[in-house]
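Next come the chains, spelled out residue by residue.
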Amino acid sequence: MTIRATTKGALANLSSEGDLKWLIDSVLRLGKKAGAEDTEVHVDETLDALTRFANNGIHQNVAEHGLVVSVRTELDGKTSRVSTNKLDEDSLRAAVESSLSLAQSQPRAPHLLPMPGKQRYRRVQRFVPATARVTPADRARAVRKACDLAVKEGKIAAGIFVSGQMQAAVGNSRGLFATHRQTRAEFSITMQEGAATSWAKGNAADVRNLDPQALTKRASGKAKLAADATELPPDKYTVILEPAAVLDLVGFLFYDFAATAVEDKRSCLNDRMGKLLFGKNISLADDVYHPGQLGAPFDGEGMPRERVVLVDQGVPRNLVYGRASAKRARKKATGHGFALPSEYGEAPLNLVFTGGKSSVEEMIASTDRGLLVTRLWYIREVDPYEKVMTGMTRDGLFLVENGKVTTAARNFRFNQSVLEMLRNVERMGPAVRATGEEAFEMVVPAMKINGFHFTEVTKF
Amino acid sequence: MWDLAGHSLDVAKLRGAAYADARVMHLRQRDLTTKNGEVGTLAQTESIGIGVRVLAAGAWGFASTDRLTKEEVAACAAEAVKIAKASAMAKQSEVVMALEDAYVDSWQSPFRKDPFEIPLEAQLELLLKADAEMRREKRVTLTETDLQFRKIDSWFASSIGSRIHQRKVISGCGIVATSYQGDEIQKRSYPNSFGGQHALQGYELVEEMDLVKYAPRVAQEAVALHSAAQCPRKTGTLILGGSQLGLQIHESVGHPIELDRVLGQEANFAGTSFLTLDKLNTLKYGTEIVNVVADARLEHGTGLGTFAYDDEGVPAQCTDIIKDGQFRGYLSNRETAHLIGLARSSGTMRTESWNRLPIIRMTNISLKPGTWREDDLLAYTDDGIWMDTNRSWSIDDRRYQFQFSTEIAWEIKGGKKMRMLKNPSYSGITTEFWNSCDAICSKDHWTLWGTPNCGKGQPMQTMGTGHGAAPARFRNVNMGTAFGNK
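Points about the overall build of chain B
Here is step 1: Assigned secondary structure in chain B consists of nine helices and 24 strands.
Here is step 2: Computed over its C-alpha atoms, the radius of gyration of chain B comes to 23 Å, within 12% of the 23 Å expected for a compact globule of 486 residues.
Here is step 3: In terms of its C-alpha atoms, chain B occupies a principal-axis envelope of roughly 70 × 55 × 40 Å.
Here is step 4: Looking at chain B as a whole, 62% of its 486 residues are labelled buried.
Here is step 5: Sequence-distant contacts in chain B: of pairs separated by 6 or more residues, those separated by 24 or more amount to 76%.

Points about the domain arrangement of chain B
Residue and element names in this part refer to chain B.
Here is step 1: Domain assignment breaks chain B into domain 1 (2–227) and domain 2 (230–479).
Here is step 2: Centre-to-centre, using C-alpha coordinates, domain 1 lies 21 Å away from domain 2.
Here is step 3: Contacts between the two partners involve 46 residues from domain 1, matched on the other side by 38 residues from domain 2.
Here is step 4: Class assignment for the residues of the side of domain 1 that touches domain 2 results in 20 nonpolar, 17 polar and nine charged.

A short note on the interface of chain B and chain A
Here is step 1: Every contact between the two is made by 72 residues of chain B and, on the other side, 78 residues of chain A.
Here is step 2: Element by element, the count of residues in the side of chain B that touches chain A is highest for strand 2 (residues 38–56) of chain B, at 12 residues.
Here is step 3: The residue inventory of the side of chain B that touches chain A, partitioned by class, reads 30 nonpolar, 27 polar and 15 charged.
Here is step 4: The pairing of strand 2 (residues 57–75) of chain A with strand 3 (residues 59–65) of chain B spans four bridges and is classified as parallel. Looking across to strand 3 of chain B, one finds that Ala-63 of chain A is bridged to Ala-63 of chain B.

Thoughts on the packing of helix 1 (residues 2–14) of chain B against helix 2 (residues 70–87) of chain B
Residues and elements named next belong to chain B.
Here is step 1: Taken N-terminus to C-terminus, the directions of helix 1 and helix 2 make an angle of 40°; their axes are 8 Å apart at the nearest point. As judged from the angle between their axes, helix 1 and helix 2 are oblique. Crossing of helix 1 against helix 2: the hand is right-handed. Between helix 1, through Leu-4, His-7, Ser-8, Val-11 and Ala-12, and helix 2, the contact on the second element is made entirely by Lys-70, Val-73, Ala-74, Cys-76, Ala-77, Ala-78, Ala-80 and Val-81.
Here is step 2: Looking at the contact of helix 1 with helix 2 residue by residue, the class counts come to 10 nonpolar, two polar and one charged.

Some details on the nonpolar core
Here is step 1: With 274 residues, the main nonpolar core has Val-27 of chain A together with Ala-12, Val-52, Val-54, Ala-77 and Ala-80 of chain B as its most contacted residues.
Here is step 2: Among the elements that take part in this core, helix 2 of chain B stands out by supplying 11 residues, more than any other.
Here is step 3: When residues no more than four places from it in sequence are discounted, the contact partners of Val-27 of chain A are Val-41, Val-69, Val-71, Leu-92 and Val-96 of chain A.

Looking at the domain arrangement of chain A
Residue and element names in this part refer to chain A.
Here is step 1: Assigned domains within chain A: domain 1 (17–207) and domain 2 (228–460).
Here is step 2: Distance between the C-alpha centres of domain 1 and domain 2: 25 Å.
Here is step 3: The partner domain 2 presents 26 residues to the 32 residues of domain 1 that form the contact.
Here is step 4: Partitioning the side of domain 1 that touches domain 2 into residue classes produces 12 nonpolar, 13 polar and seven charged.

Details of the pairing of strand 23 (residues 461–469) of chain B
All names here are of chain B.
Here is step 1: Within strand 23, seven of the nine residues are buried, which leaves the element mostly enclosed by the surrounding structure.
Here is step 2: Bridge count for strand 22 (residues 447–456) against strand 23 is eight bridges, and the pairing is antiparallel. By the bridge assignment for strand 23, Leu-448 is matched with Gly-468.
Here is step 3: With antiparallel pairing between neighbouring strands as the criterion, strand 22 and strand 23 make up a hairpin whose turn holds four residues, including Gly-457 at a positive phi of roughly 90°.

Remarks on unusual backbone geometry
Here is step 1: A cis geometry characterises the amide bond from Tyr-190 of chain B onward to Pro-191 of chain B, with omega recorded as -5°.
Here is step 2: Structurally, Pro-191 of chain B can be placed in the loop between strand 7 (184–190) and strand 8 (197–199).
Here is step 3: With an omega of 0°, the peptide bond between Gln-458 of chain B and Pro-459 of chain B qualifies as cis.
Here is step 4: Of note, Pro-459 of chain B is situated in the loop between strand 22 and strand 23.
Here is step 5: In this model, Asp-395 of chain A sits at a positive phi of 55°, which is unusual for a non-glycine residue.

A short note on helix 1 of chain B
Residue pairs spaced three or four apart in an α-helix point in one direction, given the helix's 3.6 residues per turn.
Residues and elements named next belong to chain B.
Here is step 1: The end-to-end C-alpha distance of helix 1 is 18 Å, a good match for the 18 Å that 13 residues give at a rise of 1.5 Å each.
Here is step 2: Where helix 1 is concerned, the buried positions are Leu-4, Ala-5, Ser-8, Leu-9, Val-11 and Ala-12. Each buried residue of helix 1 lies within a common arc of 165° when the element is viewed along its axis, so the set occupies one face. Set apart from the buried face of helix 1 by more than 90 degrees, the exposed residues are Trp-2, Asp-3 and Leu-14.
Here is step 3: Next to the buried residues of helix 1 lie strand 1 (19–35), strand 2, helix 2 and strand 5 (142–158).
Here is step 4: Taken from the residues just after helix 1, Gly-16 is the one with a positive phi, measuring 115°.

Some words on the confidence of the model for chain A
Here is step 1: Here chain A shows a mean pLDDT of 95. Residues at 70 or above account for 97%.
Here is step 2: Confidence over residues 1–11 of chain A falls short of pLDDT 50; this stretch has 34 contacts with residues more than four positions distant or in other chains.

Some words on the packing of helix 4 (residues 136–152) of chain A against helix 2 of chain B
Describing two packed helices takes the angle between their axes plus the distance from one axis to the other.
Here is step 1: The interhelical angle for the contact between helix 4 of chain A and helix 2 of chain B, taken along N-to-C directions, is 20°, at an axis separation of 9 Å. Taken together, the axes of helix 4 of chain A and helix 2 of chain B are roughly parallel relative to one another. Remark: the crossing between helix 4 of chain A and helix 2 of chain B carries right-handed chirality. Two secondary-structure elements touch here, helix 4 of chain A through Pro-136, Ala-137 and Ala-140 of chain A and helix 2 of chain B through Lys-82, Ile-83, Ala-86 and Ser-87 of chain B.
Here is step 2: Each residue belonging to the contact of helix 4 of chain A with helix 2 of chain B can be placed in one class, and the counts come to five nonpolar, one polar and one charged.

Details of the sheet that holds strand 11 (residues 292–295) of chain B
Pairing between sheet strands relies on hydrogen bonds along the backbone, with the strands arranged either parallel or antiparallel.
All names here are of chain B.
Here is step 1: Sheet architecture is open: four strands sit in the order 13-12-11-16, paired in antiparallel fashion. Edge positions in the sheet fall to strand 13 (326–327) and strand 16 (365–367), since each has one partner strand and no second.
Here is step 2: Pairing of strand 12 (residues 318–323) with strand 13 involves two bridges; the strand directions are antiparallel. Counterpart to Lys-323 in the pairing with strand 13 is Gln-326.
Here is step 3: Its contacts with the sheet put helix 6 (residues 242–254) on strand 11, strand 12 and strand 16, and the angle it makes with strand 16 is roughly 120°.

A word on helix 6 of chain B
Here is step 1: Over its 13 residues, helix 6 of chain B extends only 16 Å from the first C-alpha to the last, a length that falls short of the 18 Å expected when each residue adds 1.5 Å.
Here is step 2: Among all positions of helix 6 of chain B, only Gly-242, Ser-243, Gln-244, Leu-245, Gly-246, Leu-247, Gln-248, Ile-249, His-250, Ser-252, Val-253 and Gly-254 of chain B are buried.

So, the pairing of strand 9 (residues 308–312) of chain A
Residues and elements named next belong to chain A.
Here is step 1: Bridging between strand 8 (residues 284–286) and strand 9 involves three bridges; their strand directions are antiparallel. Within strand 9, the position partnered with Leu-284 by the bridge is Val-311.
Here is step 2: With two bridges connecting them, strand 9 and strand 10 (residues 315–316) associate as antiparallel partners. Residue pairing in the sheet places Val-311 in a bridge with Pro-316 of strand 10.
Here is step 3: Between strand 9 and strand 10, which pair antiparallel in sequence order, lie two residues; one of them, Gln-313, sits at a positive phi of approximately 50°.

So, the confidence of the model for chain B
Here is step 1: Put simply, chain B has an average pLDDT of 97, and 100% of its residues get 70 or more.
Here is step 2: Overall fold confidence (pTM) sits at 0.97, and the ipTM for the predicted complex is 0.96.

Here is what the cut-offs are and how they apply
- Residues numbered from 1 in each chain as written.
- Chains lettered and ligands numbered in written order.
- Predicted model: local features only at pLDDT ≥ 70, side-chain atom pairs only at ≥ 80, totals over all residues.
- Helix = DSSP H or I, 4+ residues; strand = E, 2+ residues; numbered from the N terminus.
- Rg over C-alpha atoms; globule rule 2.2 N^0.38 Å.
- Buried ≥ 20, exposed ≤ 12 C-beta atoms within 10 Å, placed from the backbone.
- Contact = placed C-beta atoms within 7 Å.
- Domains from an automatic or database assignment.
- Nonpolar A, V, L, I, M, F, W, Y, C, P; charged D, E, K, R; others polar.
- Pairing = 2+ DSSP bridges.
- Axes fitted to C-alpha atoms, helices over the stretch in contact; angles between N-to-C directions.
- Parallel < 35°, antiparallel > 145°, perpendicular 65-115°, else oblique.
- Left-handed = near helix turned anticlockwise from the far one by under 90°.
- Core = buried A, V, L, I, M, F, W, Y, C linked by C-beta atoms within 7 Å.
- Expected span 1.5 Å × (residues − 1).
- Arc of directions from axis to C-beta.
- pLDDT = per-residue confidence, 0-100.

Next up, the structure:
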């Protein structure tokens, strides 16, 4: 039963949609034969390559190809999941039988629903052949240019250049079948000049929309500005957060919008839905169809994802629902469920903020005294209900005085409530696809925020 | 497996590799969780594949595949060489590897009870019982339990002639009670937070942890925290329980001693380190009672950083990291050892799976036990705060400034544990903190804690690390800053 993914060598192409359909149907037949009432099959395939550089040279350079089949069976109101990357018939049969055996070892699951039937999906086009065709030599050439610039300017460059493609398919014994494929290209660079560093990163489905040289120049220019950092006293400051810094902070809010998290009383939205919680200038939706987003138009059960307005003018209005949480709440499933079984239920994964019109330069010009923040680092939740997060600034913190960047500042630790922060947003830039390191990619604006709480300062 | 691994090495050499190694890995994992008295996750995963690392044209290449046929493995090895040659287009210098002997060996981690052979019904019954015990406390609003088991087989082959098979069995378990009241969410965990305790052991670990016994206490404390006093903001004496100290070691000793980080190889992601090469043998890292080792040997214990050989074929070793308070050693590999004057790697290359490149990783980074009895440590502390069980952790990208918060604390007055404190936190600068340590408890109170979720590298790899620690006391520590607004 082994399927062949390749037509031009082991690491060249994803399996065809026909291959995936055939594989899923084969496993569904095995499920029926083994006595499952219902069977669901996920197939996830990845072809990824990553070139990593540091000290102005490539030091790691990797590629991977993997395909995982994941089987969930239902019988007598019980379910379990077994995953394998062994694709021969015996191994797939063993996976089906293990799933049934695991399922039978437990009590009946009171909230388990019958699997959904056939669904209709809105199309998204996120597979770009130009990205899929990127070679190790292409990545090496771009890295070489970045490193050459660093050497020329007396700096040290470190970063990554990623190119990859993935596809996901889900099918079940009630006729549901969905597939999605996409590509991604990512370039990230840290430029060091003495003790000073700065950083820039981009991420896109289409490698032609990624400009490694522009990112390199941006990081390089800011690294120069970051030299000779001044130590400032910890205090509340007006901050201008660039989109990556906004993303990495607000990214910690996403799970609070899961209906199951609210039901479990571990969300900061407990007893706060429908009340003014953020500033009236804050509106937020989950929208996988937004042009700045990537991702599949279906969830872990194969349900179509819907656009959901989460916050409207400062008021949290809606949660996202998987099928089980929707039934318990007597709501409609929104297509945000995780693959079952999962005690976490669901989450919005494609956050889109409604931005503003102010550029970062205008934010700086309008600031008497404040800090421009490039990036945040090691963010962790300190208080889950007030959503106090701690973390550090990194790779470029600059003092703004009288409308101008005047000097670099030593990095601060912050302890800041995200809820409070989103009540204190004075200006916003246009929402853009941003990429950081602490949260997944989102569409967020740069923000000028008053009273951001820095509590301690570090040595650099 | 040896045929496939050997074939990949042959192809790599034919294509021009000066050195090659291959890892065939077979990983099996079982996850069981409950939530509020119902089964949450019940899942099993299996993954097998090969990763081939080659040195060609003086640069590295790595490729991996899960198609374990001779043809696909050959294509994978050829791809690795092609990638290495592309790396050479932008290489900084020729890779130099420290000499290492070839080993032919087979090793299995010790365990008494294979967790995959214990009936699932019994495992679920245990979790549901612990869950029910927590829910007897009615003001608990969420109860969670988990078991995780892994069995990892790896077949390592290298072009210098090593053929090493290792099998590791890993177990983990934990319980959590959460209570939401008013405007606060409080939680307590046992035996540790974020998944509990994990070790290179079989099901006997789960039995030793006795989750059911501790479930009522966990639930009661989660509720009691709501009415506890707020941890004050002050500078004073801090005592850390063993599990929290384990994470403190992880963040403020374990990561900064990674030589790849020190050399700038992680500058874009995980960060660098304040432990620049000039600090070796010159920096006073801590007080004279502070002794830290990196020890992957079985005699150190069955930790998540225990093995017989690392994923570069180097035997497990014990390295002094801090000796009598002085900084003495880094974690190195065959490529970096010579940069600190070593003739040999310290054996710390580890990989998450067949599709990931081995990178320098913590093994078991442990604070050696001191001499104090826990009772005496308490009795000889006039005024302080005892903090236990991690709730949040954060440190800057050079590993100077950290902040931790814990689930619970107790005030110490006149040598006695007094009232409970909620929302505890402490912060500081790494070397100032370790230079304020004036008491460490003895071997009787020492546990090799497992941290199963250490992330590093790009693509990201999650690795388990071990951290032996006993409760210890620190003076003049900043406390309570994280919750300064409370």
